[in-house]
Amino acid sequence: MNPTESAAASPATRRLLPVADGRRTRAHLRTALRPRRLLLAATTAVMVAESALGLVGPIAIGWVTQAIVDGRGTSAVIGPVALLAAAAVLGAPATWASNVLLARVVLPEVARLREDVVGSALALPVDTVEAGGSGDLVSRVSGDVERVTEAAQGGLAGFVSAALAILATLVGLASLDWRFALAGLLAVPLQAYTLRWYLRASRPVYAAGRTAEGHRTSALLGAFAALPTVRALRLGGRQYARVQDASLAAAGYEFEATRTATRFFGRLNVAEFVGLGAILLVASVLVRSGSASVGAATTAALFFVGLFDPINAVLGAFDSVQQAAAGLARLIGVLDATPASAPVPAPAGSPEAAPRTARQPVLALDRADFGYGDGPDVVHDVSLRIAAGQHVAVVGTTGSGKSTVATLLAGLRAPRRGTATLDGVPLADVSPAALHGTVALVTQETHLFAGSVAANIRLARPEATDAQVAAALDAVGATGWVEALPDGVDTLIGAGGHHLAPGRAQHLALARLFLLDPDVVVLDEATAEGGSDSARLLDTAATTVLRGRGALLVAHRLSQTAGADTILVMEEGRVTERGSHQSLRAAGGTYASLWEAWSRPG
Amino acid sequence: MTLDALPLPPRPATASPAAPPPPPPEAGRHSPRALLWGALRAQRKDLVAASALYSSHQLGESMVPVLVGATVSEAIAGGGRWAIAWWLSVLAADFVLLSLSYRYGARASMRAKQHTGHVVRMWVTERVLRPAGGIRLAPGDLLTRAASDAGRVGAFAGVVAQTVAAVAVLAVATALLLGFSLLLGAVILLGTALLLVVQDRVARRLRRHSGAEQHEAGKAAVLAEDLVRGMRVLKGIRAERTAAADYRTASQAALGASLRAMSSQSLLSAVGTAFTGVYLTVIAGVGGWLTLSGRIGLGEFVAALGLARFVVGPMQVVSGASAAYARAVASAGRVLEVTGTREEVRDGLRPGGFEEGRGARVEVAGVEVDGFSGVSFVAECGELTGVVVDAPGLAGRIPELLVRESEPAAGRVEVGGKAVGEVPLERLRARVLVSPHDAVLFPGTLAENIALLAPDAKAAEQGTWAAFADQVIDTVPGGADATVGDRGESLSGGQRQRVALARAVAATPPVLVLHDPTTAVDAATEDRIAGRLRQVRAQEGLTSLLVTTSPALLSRCDRVFFLHGAAAYEAASPGAPTQGAAANGRAANGDPVHREAGDADGSGADGGTEHSRLTLLITDSGTHAGLMRDNAAYRELLTR
Ligand SMILES: Nc1ncnc2c1ncn2[C@@H]1O[C@H](COP(=O)(O)OP(=O)(O)OP(=O)(O)O)[C@@H](O)[C@H]1O
Ligand SMILES: [Mg+2]
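Residues numbered from 1 in each chain as written. Chains lettered and ligands numbered in written order. Predicted model: local features only at pLDDT ≥ 70, side-chain atom pairs only at ≥ 80, totals over all residues. Heavy atoms only, no water.

The name given to chain B in an unreviewed UniProt entry is Putative ABC transport system ATP-binding protein, with Actinacidiphila yanglinensis as the source organism. Reading the Subcellular location (unreviewed entry) entry of the UniProt record for chain B gives the comment "Cell membrane". (UniProt positions renumbered as here; feature names shortened; annotations may be inferred.)

Where an unreviewed UniProt entry is consulted, chain A appears under the name ATP-binding cassette, subfamily C, with the organism given as Actinacidiphila yanglinensis. Per UniProt, the comment on chain A under Subcellular location (unreviewed entry) is "Cell membrane".

In structure tokens:
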């Protein structure tokens, strides 16, 4: 299979998150490893010692051989055996230490990297992450991280043994007859050439392989995360086929990579034979002419054979580096995508819980235009202003741009033209931390996070006590049904947990908002899912949450918005009417007809 | 060596999107070990090839020092002029053998690894997608099992090939050494045996730790997936930092588990190093002494030491296999937790199914589910039937009952005169289409999504029209060819809902069940949809059931059933109501309590969800207008 062919099979419409180039990857690694310099040096030192102990074997054996050739007594074996025994005794702790140290260098660094990637991804605009699909990001923080961990451990160990093997080769060469060394060196240009060829050939295969695995993750998540729909519409066969294709495509790259790697090692075998053959030839000539001893010839040949493994390890380390680099580039690409103004969040034990005075900030949009991606504007020239405790409602037909306006006002998207401001300061310039607790948006989409009911509420304020969580549930009138759940507030909900109807998810979202206690709330269809179950409950809950705060309300259920101070009517991205419920009804425009459709008894 | 040459698992017919995937073979359904070996058995050809080729590679490698020794003693220390040429060609032949063996062995091994992983991944996928249901794990959790765990089971295939080769090499090396000296051969045997015993002890600790490592890493991946999917919600309340901190906690827990596993692993390696070092020492000492005291020759000594050094690698492989096995079994166990999940419903066995005909009558009588009893209603062919439920959590259950996503505790559910439990699930769901309330769209264009299940272009057009999705196509930049994103997120809420509705109507199912299909659209659009939906469905003589509280939709229904709570009563066992039910006489036999519109006065009982406590539902029926006029509870529920 040709890698480019199966890449074409992947969804072409995706705009995946960026992948860093080699230079960026290296630069990032340098900075990231700087604080671990000492540990890295210690690890390297131990590894050098470990590898050096491994070299004791051939030396001791050469020594015994020489003793035998020289026809010495049996006591001559004592020295070399003692050396070997010492190497064995020291080797065990060295191995242990080098493994442990290596893990302590690599694992925490990779863990930090994945945490930074998740932190950065969460700081990215929603649209950027959604464009790539959640599978893209998830595969980066799971599959790629696994690969990087494995390859980094293998690669680093390989590199150290590589450095040492090269060193030993130099030392060994010096201790040998220079003519043997010269013969052995015949292998080097071949190896160098092979390595160069391999690095070029394998890089694109690994990079494409990582992407293919990302597609596989997307295919799996596409089937698993949409399970109710997939089952209801009997799309199991279709999703199965997608997963199968993606899985085989990813496997195809692994085969391709193996084919390349085995060719690489095949060529290295040729180099080995050339070196070894040359040494033996030279030895036969030199021994015959009496200018070298049999012992020296044996040592030289065995020395060279003993070098096969370390040399292959060195060169194989390049393979690991190549693999790690392919994964790293995808991780670092996410870090680089984060805009400078949205720094990677620090581990916040408790976010600045500055005592909030009863502030009443003014939130405003002024002549805002907005369009998604590079598409046309979907919101044109929208101005609105939410002053102290005011309630502004936005109504209009579906697709008219209400949710878009809601996100502009909440600062989640920035207008293309015009401004979105908080007390006159552009929202883009206000730090996320400052916006936390100032403006909050309850989105039209609901999502319950896997975890307990309490944990879902606490997302708003992680430092909230159990009593505060209970109070929030109570305030919005959710205590009754939450307590009826199998484990009350500790019931696990969300994916894999107890199923809650969408109306209940919205109810919890309102409880969350109550706990967050922001100055201004933006409710985008926050009570739309009431349906049969809980319309009344949700309406009451919304009233509670809105009390004493500025608010933007988006709702199709017009009874929710009728009481607002100002109602804006949107059509095709523009505000076409503006006024109070009474005045708009009287005006007999779009609002009047919407109200008519809404309040008709059916 | 190409992908096309590989034995692929049976692939489901993809011509029809409805084709179900094949079930996994019987092998490996019972225990993690059985699953592991069952998966490997499917790849036995590649495994045998890889094992044989790895063995010959290893043997070739082990011959190198032997041949070098022989060359030194036969051609360098003595021998004729051409001896060196002869020995070099033997060496060259050995290199060809070892190099080609490695090349094709590694490829066969990779095939075995990837294919085992792939097969296991497809087992997981098939089980998750199987119509009989029962899967409750989170998507991220299923993902780690189908990706990492399947991969780890596959990786064990490589370990098997390597281990077989290592054992072969050890056997040959031992035999060779025995030829040089009984003592040296015995040292190898003893050394290997001891190493295995000691390492197995240490491996036990590793087994525990690596199980924990996989568990923690899986949890972190699940969290990441969940956070990304809920990103809009997170951003709305600016909980990104909290979420990132949560992930950090999970990641650090995973890191701790990894470090613990690595420290066990290091211990294992250290034991290996110590053992092999001691073993080399003994061989060198004994061999040197034997040679120096003249019992074996120089060539033999060199060869013996070369061999001894060489078998260190295979010894490590063999001793490492038990740890790898433990890891693979742990992963196979996690896979089995999915593939062995009990099915939610038993597939109906009676072949045949339904008579031909456009619609199908739906009848639900005296059903008990989720602590409610007496769920009853009828939907006739060619009619739009509304079901209004005033009982918490019950509305979402009703569509599920009709397609047997879940089973009622008691009562009758019939479609086209057949009990749903008797019909094969595939046939039932081909007959009855439920469009879930939170139906997601699939990656692709608007047109692709709408036409996904449509039998022909005309049906797709009709669906588009009925759901008022033509307006979506007109509004969205790019029109019908606009892409909708991963799950439909590049559409507005109402647009997404209409496309999902269009997709369901376009499928033209004999029975269409819709649950709150218009919660995200404005009243004017909703009204238009209701009218068009009625026109399309009724005109074709199809059955349509709407579980909703929308007056716009209900007013277009031919008949509306209003299910509301009457009284809670204690049931001795589920499905067998006692005492309180006596008041409602007929309900005790599982028959519906059914009244015509007019005399209802429901006492809105709270949903007692305890198993022994049932809420008896009263069903009132009539037209929307009639119920609004005559039924106070209905009026109160639906008045806005
Ligand atoms: N993430 C997105 N990417 C691209 N286009 C989008 C995205 N979200 C919305 N749109 C488009 O922008 C327009 C306005 O959408 P918006 O969600 O603001 O509408 P709305 O008024 O909230 O509608 P509804 O009442 O259906 O929720 C629509 O045409 C929609 O297709
Ligand atoms: Mg919207």
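Some points on a positive patch on the surface
There is a patch of like positive charges on the surface, built from Arg 23, Arg 26, Arg 30, Arg 34, Arg 37, Arg 196, Arg 200 and Arg 203 of chain A. Tracing the chain through its elements places Arg 37 of chain A in helix H3 (residues 37–69). (Patch = residues over 30% accessible without salt bridge, like charges linked within 9 Å, V, L, I, M, F, W, Y side chains within 5 Å. Areas by Shrake-Rupley, 256 points an atom, 1.4 Å probe, with all protein chains shown as cover. Salt bridge = Lys/Arg side-chain N within 4 Å of Asp/Glu carboxyl O. Lys, Arg positive; Asp, Glu negative; His and termini not counted. Charge placed at Lys NZ, Arg CZ, Asp CG, Glu CD. Helix = DSSP H or I, 4+ residues; strand = E, 2+ residues; numbered from the N terminus.)

With respect to the packing of aromatic side chains
For any pair of aromatic rings, the description consists of the separation of the ring centres together with the inter-plane angle of the planes. Summed over the entire model, instances satisfying the criterion amount to 13 aromatic pairs over all chains. Three or more aromatic residues joined by ring pairs form one cluster here, namely Trp 197, Tyr 198, Phe 264 and Phe 265 of chain A together with Tyr 54 and Tyr 102 of chain B. Against the face of Phe 442 of chain B rests Arg 238 of chain A, its NZ or CZ located 5.3 Å from the ring centre. Over the face of the ring belonging to Trp 197 of chain A we find Arg 267 of chain A, whose NZ or CZ atom lies 3.9 Å from the ring centre. (Phe/Tyr/Trp six-rings, centres within 6.5 Å; stacked < 30°, edge-to-face > 60°. Lys NZ or Arg CZ within 6 Å of the ring centre and 35° of its normal.)

Here we look at the coordination of the magnesium ion (ligand 2)
Ideal coordination angles are 109.5 degrees for a metal with four donors arranged tetrahedrally and 90 or 180 degrees for a metal with six donors arranged octahedrally. Residue and element names in this part refer to chain A. Protein coordination of the magnesium ion (ligand 2) is provided by Ser 403 (OG) and Gln 444 (OE1), with donor distances spanning 1.9 to 2.2 Å. Separated by 41 residues along the polypeptide, Ser 403 in helix H12 (residues 402–409) and Gln 444 in the loop between strand E6 (439–442) and strand E7 (451–452) bring together distant segments of the chain. Ser 403 sits in the partly exposed class, given a relative accessible area of 22%. (Donors = N, O, S within 2.8 Å, 3.2 Å for Na, K, Ca; no water. Buried < 20%, exposed > 50% of the residue type's maximum accessible area, 1.4 Å probe, protein only.)

Thoughts on the site of ligand 1
Near ligand 1 there are 20 residues, and of these Ser 403 and Thr 404 of chain A together with Ser 492, Gly 494 and Gln 495 of chain B occur at the shortest range. This site is not confined to one chain, since residues near ligand 1 come from chains A and B. The separation between an oxygen atom of ligand 1 and a polar side-chain atom of Thr 404 of chain A is 2.4 Å. With the chains in place, 91% of the 630 Å² that ligand 1 exposes on its own is no longer accessible. Of all the secondary structure elements, the ones that give two or more residues to the shell around ligand 1 are H12 of chain A together with helix H14 (493–506) of chain B. For the shell around ligand 1, the class distribution of residues is three nonpolar, 13 polar and four charged. (Near = heavy atom within 4 Å. Polar contact = N/O pair within 3.5 Å; in protein donor to acceptor, adjacent residues only side chain to side chain. Nonpolar A, V, L, I, M, F, W, Y, C, P; charged D, E, K, R; others polar.)

Focus: the confidence of the model for chain B
Should pLDDT be low for a region, the predicted coordinates there are not to be read in detail. Residue and element names in this part refer to chain B. Mean pLDDT for chain B: 83, with 86% of residues reaching 70 or above. Confidence drops under pLDDT 50 across residues 1–21; counting only partners more than four residues distant or on other chains, this segment forms 45 contacts. Long-range and interchain partners of residues 572–592, a stretch whose pLDDT sits below 50, account for 30 contacts in this model, where long-range means more than four residues apart. Interface confidence for the predicted complex, expressed as ipTM, amounts to 0.89; the pTM equals 0.87. (pLDDT = per-residue confidence, 0-100. Contact = heavy atoms within 4.5 Å.)

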